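Residues per chain are reported as follows:
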Amino acid sequence: MAVVFILSLLMAASLKTDIEAYVINKVKEKREELGMSQSELAVQLDVSNGFIGQAESSKSPTKYNLNHLNKLAVVFKCSVKDFIPDTPFK
């Protein structure tokens, strides 16, 4: 039983890479700065209502792809670069 719990923790920790988590956090910051709900952003991105919540959850493997980032840049009136770190993760 303990082994299953430890394995599930390890799997949850690796659902998103550091760079994926960084991008998701940047999107969340911009969304919250504008006072936009997850549902409102989902409509703007033309994704399901739960997609944004899943992307923002550390327990889900859902993440944004390049097409999402492009649409997000349009929605937030910024550059796609605003979601990417200045230096690479090692």
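As a reminder, the structure under discussion sits directly above these lines.
Keep in mind the model is a prediction, meaning the values are calculated, not measured.

Caption draft 1: Main features of the environment of Y22. Tracing the backbone through its elements, the reader meets Y22 in helix α2 (residues 18–33). Between the C-alpha atoms of Y22 and I84, which are 62 residues apart in sequence, the distance is 7.6 Å. Look past the residues within four positions of Y22 in its chain and what remains in contact with it is F83, I84, P85 and F89.

Caption draft 2: Quick peek at the pattern of salt bridges. Evaluation of the coordinates by the stated rule reveals four salt bridges. Measuring nitrogen to oxygen at the nearest pair gives 3.7 Å for the salt bridge that ties K63 to E20. Taken together, the positions of K63 in the loop between α4 (51–56) and α5 (66–76) and E20 in helix α2 put the pair 43 residues apart, joining distant regions of the chain. The partner of E29 in a salt bridge is K26, with the nearest N and O atoms 3.8 Å apart. Separated by three residues within a single helix, E29 and K26 lie in helix α2, roughly one turn from each other. One connected set of salt bridges, linked through shared partners, spans R31, E32 and E56.

Caption draft 3: Seen up close, the side chain of E56. Position of E56 among the secondary structure elements: in helix α4. E56 has contacts with I24, K28, R31 and Q38, leaving out every residue within four places of it along the chain.

Caption draft 4: Highlighting the environment of S60. Turning to its location among the elements, S60 is positioned in the loop between α4 and α5. On the basis of relative accessibility, which here comes to 12%, the residue S60 falls in the buried class. Residues S60 and L15 lie 45 residues apart in sequence; the distance between their C-alpha atoms is 6.6 Å. Excluding its chain neighbours within four sequence positions, the residues that come into contact with S60 are L15, K16 and Q54.

Caption draft 5: Molecular detail of the side chain of K16. Along the chain, the position of K16 falls in the loop between α1 (2–13) and α2. Of the buried charged residues, K16 lacks a salt bridge, with E20 as the closest side chain of opposite charge at 7.5 Å. Within the structure, K16 has its side chain in polar contact with the backbone oxygen of Q54 (distance 3.5 Å). Engagement of the side chain of K16 in a polar contact is seen with the backbone oxygen of S57, the distance being 2.4 Å.

What counts and what doesn't
Residues numbered from 1 in each chain as written. Predicted model: local features only at pLDDT ≥ 70, side-chain atom pairs only at ≥ 80, totals over all residues. Heavy atoms only, no water. Helix = DSSP H or I, 4+ residues; strand = E, 2+ residues; numbered from the N terminus. Contact = heavy atoms within 4.5 Å. Salt bridge = Lys/Arg side-chain N within 4 Å of Asp/Glu carboxyl O. Buried < 20%, exposed > 50% of the residue type's maximum accessible area, 1.4 Å probe, protein only. Lys, Arg positive; Asp, Glu negative; His and termini not counted. Polar contact = N/O pair within 3.5 Å; in protein donor to acceptor, adjacent residues only side chain to side chain.

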